[in-house]
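# Remarks on the overall topology
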Amino acid sequence: MTSSDGTDFELTLSAVRKDFGRGHRKVTAVQPVDLRLDAHSELGVIGESGSGKSTLARMIVGLEHPTSGVISYQGRSVEDWLSNRASRLAYRQQVQYVAQDTTSFDPRQTFFESVLVPLRILRGVQSRSEIRDRLEAIAEDLSLDPALYSRYPHQVSGGQRQRFALARSLVVEPRLLICDEVVSALDVSVQGAVLNLIKRHVARHRMGLMFVAHGLPAVTFISSELLVMRHGEVVERGAVDRVVNEPQHPYTRELLEAYADSSSPESSPESGPEQREAAL
Amino acid sequence: MAETLIAKTVQAPPRRPARKRFGWLRVTLAFLPLVAILVVALFAPLIAPYDPVTTVAASRLPPSAAYLFGTDAVGMDVFSRTIFGARVAVQFGVIVALCSTIGGILIGTFIGLSESSRGVVGWIGRLLNQISDYLIAIPSIILGIVVVGIMGSSDFALIVAITLCLIQATIKLTRAEVLRVRREAYLEAAKLAGESPLRSALVHVVPNSIGPAMRNMPLVFGNCVIILASLGFIGVGVKAPTPEWGYMISSALSSLMLGRWWPAIFPAIFVALSVLAIAYSSRAIPQVWPYLAANVKKRFRTERNSRA
Amino acid sequence: MSWYRANRWWVLRLARLPLDIFVFGTIAFFLVRLLPGDPVSVAISSRSGTVSPEAIAAVRTQMGLDGTVWDQLLRFWGGLFQGDLGHSLVTGAPVIDEVFSRLPSTIELIVLGLIGAFVLCLVLGFLYLRFANRALRASIRVYSSFATTVPVFVVAIFLIVIFYVILDWLPAPLGRVSSGTLPVITGFPLVDELLTGNVDLFGETLVQYIMPVAAMVLTYTPNLLTQYIGGLDRELVQPTTRFQVAAGVPRKWIFFSVFRRSLSSVVVVFGLFFGSLIGGAVTIESLFGFGGIGALGVRSVQSVDFTALQGFLVVVVAVCLIAMLVVDLVNMWLDPRRRPGIESEAS
Ligand SMILES: Nc1ncnc2c1ncn2[C@@H]1O[C@H](COP(=O)(O)OP(=O)(O)OP(=O)(O)O)[C@@H](O)[C@H]1O
Ligand SMILES: [Mg+2]
């Protein structure tokens, strides 16, 4: 804990490793990795499909248990945080995870019912009017029409659903937000809009961000620090500018070249999202 | 002829119309048989002219205007008994369908959720799963004989016995559905939102996996009628004078050997008609259900909007 | 080792059978002890005069009900491994003999019913395919939708009313033979009558079998028929069939090939309704006065005959499990995708 600011925190991973399966079918999804996140982090994680990005993110929120190594939050291990109800709820409130899956809403509940649950349980907000105010505020923040709250998941577009997923996490005002490919399933113009919304919200509420993606433009736009993963291993890390301009590892170079070849000037990392924000 | 069939098939494979035309007629026809049985059961005292469990005339009178289906070996009115038989069958059918559906959903959910988990919970789940597998290996009649033997002849014992015979299908259907729902991302989202496993099971897993079990309910109802009649027929069903179809048939066998067919044939016809009707409805209702649901919802919504 | 890999699917499935029977036998053992009433006091109450405690203990020992439940369980397990199910508490006869003196006649009925249902299914399937007559096809469809609805004894009642009471074409349903006793060699009545050269009895039994077997055939054909018609419908539009038609393969051959390919869908259902076949046979035997396996069950429940009932349960369940096993194996043999562990081997 470096400052007296109430929103500050420290999350560290030391030699965290994850294996799936046993025997000859064992897959090492994450090789031992060390990491530190705090309220000022804007960490981007990239890597090809299957490189262990999601597994890393899911271990932090306790959806997977590390095979070895320790993840600790505020000097206390995550396992410990999750071991009893009170501290589990506290941890869930402070560290939120938005999954890459856009089917993360119960098809039988309206968005209103889905989004108010974390507010009730994690924030203990009970009064109806306060719930409504907060839901409306968060919707406005994410440029969502509050009228959509009364809809069911199949009745909105993919981009709207993704923003509701963000709303569900952001409504509890976490200190650390972990986004797992939240824009990958969206088309390019919506991607830009959602990225802007996340960036603005994170900056305004001064929360830490870990942003997982396999697309380079999104990550470079939203984060200041970059982690490149391959086969579960962190092959390169550093400030975004440094990694993009002078990549050290051959794999990173390969990745950058692939983007340089495929991306048109319009969707290049620097110019893309800003332009789209103007259009928004 | 066959050539034309094959030729036709090959030229134009039978294409189902993309959307079948639904109308209220179809909906009515789907529900009619089931509703008819329920109505007979409900209004049995109004329909039946005599008390079903008392002697009202000489024994084995042939059908006449006074005794529509004749009288049986002890002089009870076969028509009244047959009508009240519908009531007995429906009572058992409804209770067993509810018990085995609710019980099957709860057990199936538990098995599905505990599968591949360690510790006591996992063991209990596997045990329940194994027991339900063994249940299907026992013919229902034999299970009925044993359970009624153990618990003594009573309505409660019969309900337990028939539920045990029929619960397995519901458990399996629900378990398969739970295994599917279990992988859904919204369960992880619920966990991250702080919901407890129990709440998440009740709020998300159960509502999203009861579909097949609910659709199976009319079938359970029909099978209950069949098993009840069969147990009654071999003599381990309801107690003696109760107008139960299977028991009526078996006690009419001596009359049948004497050439008096009416005490046996009418309950038999009613068993056949009712199980066929239930089978028909249980097949037709799921077909018209989407239409019905859509229309009811639409009407409900417009009403609400007009009020607002 | 490679032999084991290739044949693991049926070896493992086969190895499960004794285990299942053992587990089920144990369940049955505890189940029958839940029966109300004490078989010892039932046996003693039939004696006259006062009964000394020593006599009671002697009877208890003789019945094999001395010692704790666990002693009895161990003895039961020991017997089970040797194929010995103990002696009936009521008649004193070995349970295995009692069961096997009744089981074959039940199985005979079931087999006759199944063969008849299979043949009728094939015939109707042929008609369904051969004649593109709408009314005919619709009626076959409607009939096939009767699957697992009308209980077999109800159908039998209809047959009795029509053919015995009204038309008087068939004799009264009062047992397999009107007089005399059945010869017993294999336990299958028809086979025994033939083996002993009793042509008269054989004919008589055959006539007595007409109604019960017809009832079973009429009841169980729809179960097979739904599957078969579904298979025919699917196979007709298969690319294979179209290719054959386009290539000018003779009509007969196309028919045969569609027929044969749809047949595998029928096998699946055998296992599914074998239990209801036994149940149906029990009611039929009671209706026609045949006295088979069901009567033994009812009797042993009523007389609190622990050993007879547990033996009866073990054998009935074993028969069902074996039937399911055979169907499973045939299925797996026909369709390798159903073999266990196939996906794990692929990965
Ligand atoms: N539950 C699981 N069981 C077994 N293996 C798993 C499981 N989850 C992930 N894996 C394996 O772990 C590795 C890393 O998976 P992960 O989902 O973390 O990759 P990712 O980088 O997020 O990929 P993507 O970009 O496609 O989302 C993969 O090889 C995957 O097959
Ligand atoms: Mg991923």
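Remember, it's a predicted structure, so these values are computed and weren't measured experimentally.

### As for helix α5 (residues 128–141) of chain A
Residue and element names in this part refer to chain A.
- Between its terminal C-alpha atoms α5 stretches 20 Å, which fits the 20 Å expected from 14 residues at 1.5 Å a residue.
- The set of residues buried in α5 consists of Ile131, Leu135, Ile138, Ala139 and Asp141. Seen end-on, α5 carries its buried residues on one side only, within an arc spanning 160°. Facing away from the buried side of α5 by over 90 degrees, the exposed positions are Asp133 and Glu140.
- Elements in contact with the buried residues of α5: α4 (111–123), α6 (158–170) and α7 (188–205).
- Following α5 by one or two positions, Ser143 adopts a phi angle in the positive range, close to 45°.

### Remarks on the confidence of the model for chain B
- The pLDDT averaged across chain B works out to 84; a share of 90% of its residues lies at or above 70.
- Across residues 1–15 of chain B, where pLDDT falls below 50, the model places 22 contacts with residues more than four positions away in sequence or in other chains.

### A look at the packing of aromatic side chains
- Counting across every chain of the model gives 27 aromatic pairs over all chains.
- When the centroid spacing of 5.0 Å and the interplanar angle of 90° are considered together, the rings of Phe69 of chain B and Phe79 of chain B count as edge-to-face. Taken together, the residues Phe69 of chain B in the loop between α3 (44–47) and α4 (78–114) and Phe79 of chain B in helix α4 connect sequence positions 10 residues apart. One exposure class covers both Phe69 of chain B and Phe79 of chain B, and it is buried.
- Ring pairs connect the aromatic residues Phe69, Phe79, Trp245, Trp261, Trp262, Phe266 and Phe270 of chain B, which therefore count as one cluster.
- Positioned above the aromatic ring of Trp81 of chain A, the side-chain terminus of Arg76 of chain A is 4.6 Å from the ring centre.

### Concerning a nonpolar patch on the surface
Residue and element names in this part refer to chain B.
- Taken together, the side chains of Val35, Val39, Leu42, Phe43, Leu46 and Ile47 make up a nonpolar region of the molecular surface, amounting to roughly 550 Å² of accessible area.
- At the level of secondary structure, the elements contributing two or more residues to the nonpolar patch comprise α2 (24–42) and α3.
- At 3 residues, α2 tops the list of elements feeding residues into the nonpolar patch.
- Mapped onto the elements of the fold, Val39 is located in helix α2.
- Under the relative-accessibility criterion, Val39 is labelled partly exposed at 37%.

### Notes on the site of ligand 1
Residues and elements named next belong to chain A.
- Near ligand 1 you find 14 residues, and of these Ser49, Gly50, Lys53, Ser54 and Thr55 are the closest.
- Within the side chain of Lys53, an N or O atom sits 2.8 Å from an oxygen atom of ligand 1.
- Contact between ligand 1 and Glu181: an oxygen atom at 3.1 Å from a side-chain N or O atom of the residue.
- Calculation on ligand 1 without its partners gives an accessible area of 640 Å², and the protein chains cover 62% of this total.
- Looking at the shell around ligand 1, the elements that each hand over two or more residues are β2 (27–38) and α1 (53–60).
- At 3 residues, α1 tops the list of elements feeding residues into the shell around ligand 1.
- A per-class count over the shell around ligand 1 returns 3 nonpolar, 8 polar and 3 charged.

### Comments concerning the interface of chain C and chain B
- Listed as interface residues are 57 residues of chain C and, on the opposing side, 43 residues of chain B.
- For the pair chain C and chain B, the summed buried area comes to about 4400 Å², and 83% of that belongs to carbon and sulfur atoms.
- Counting across the interface, chain C meets chain B through 0 salt bridges.
- On inspection of chain C and its partner chain B, the count reaches 3 residue pairs in polar contact (both at pLDDT 80 or more).
- At the level of elements, α1 (2–32), α5 (95–130), α7 (152–166), α10 (239–246), α11 (251–272), α12 (274–288), α13 (293–302) and α14 (306–334) of chain C are the ones that each hand at least two residues to the side of chain C that touches chain B.
- Grouping the constituent residues of the side of chain C that touches chain B by class yields 42 nonpolar, 9 polar and 6 charged.

### Considerations on the sheet that holds strand β6 (residues 95–98) of chain A
Residues and elements named next belong to chain A.
- Taken in spatial order, the 6 strands line up as β6-β7-β8-β3-β9-β10 in an open sheet, and their pairing is mixed. Here the strands that pair on one side only, and so sit at the sheet edges, are β6 and β10 (233–239). Here the average twist between neighbouring strands, direction ignored, is 15°.
- Pairing between strand β3 (residues 42–47) and strand β8 (residues 208–212): 4 bridges, direction parallel. Paired with Val45 across the two strands is Val212, which belongs to β8.

### A few points about the nonpolar core
- Judged by nonpolar contacts, the single largest core of 168 residues is most densely connected at Ile157, Met216, Leu287 and Leu313 of chain C.
- A domain-level breakdown of this core finds at least three residues from each of domain 1 (12–81) and domain 2 (99–346) of chain C.
- Dropping the residues within four chain positions of it, Ile157 of chain C is found in contact with Ile249, Leu253, Leu256, Ala264 and Ala268 of chain B together with Leu287 of chain C.
- Counting residues in each nonpolar core, the second largest holds 53 residues, with Phe111, Leu122, Phe211 and Val240 of chain A among its members.

### Things to note about unusual backbone geometry
- Located in the positive-phi region is Gln74 of chain A, a residue other than glycine, with phi close to 55°.
- In this fold, Gln74 of chain A is placed in the loop between β4 (68–73) and β5 (76–77).
- Its identity is not glycine, yet Asp168 of chain C carries a phi of approximately 60°, on the positive side.
- Relative to the helices and strands, Asp168 of chain C is located in the loop between α7 and α8 (189–195).
- Exposure remark for Asp168 of chain C: the relative accessible area of 55% places this residue in the exposed category.

Definitions and cut-offs
Residues numbered from 1 in each chain as written. Chains lettered and ligands numbered in written order. Predicted model: local features only at pLDDT ≥ 70, side-chain atom pairs only at ≥ 80, totals over all residues. Heavy atoms only, no water. Helix = DSSP H or I, 4+ residues; strand = E, 2+ residues; numbered from the N terminus. Expected span 1.5 Å × (residues − 1). Buried < 20%, exposed > 50% of the residue type's maximum accessible area, 1.4 Å probe, protein only. Arc of directions from axis to C-beta. Contact = heavy atoms within 4.5 Å. pLDDT = per-residue confidence, 0-100. Phe/Tyr/Trp six-rings, centres within 6.5 Å; stacked < 30°, edge-to-face > 60°. Lys NZ or Arg CZ within 6 Å of the ring centre and 35° of its normal. Patch = residues over 30% accessible without salt bridge, like charges linked within 9 Å, V, L, I, M, F, W, Y side chains within 5 Å. Areas by Shrake-Rupley, 256 points an atom, 1.4 Å probe, with all protein chains shown as cover. Salt bridge = Lys/Arg side-chain N within 4 Å of Asp/Glu carboxyl O. Near = heavy atom within 4 Å. Polar contact = N/O pair within 3.5 Å; in protein donor to acceptor, adjacent residues only side chain to side chain. Nonpolar A, V, L, I, M, F, W, Y, C, P; charged D, E, K, R; others polar. Buried area = accessible area lost by both parts, 1.4 Å probe. Pairing = 2+ DSSP bridges. Axes fitted to C-alpha atoms, helices over the stretch in contact; angles between N-to-C directions. Core = buried A, V, L, I, M, F, W, Y, C linked by side-chain atoms within 4.5 Å. Domains from an automatic or database assignment.

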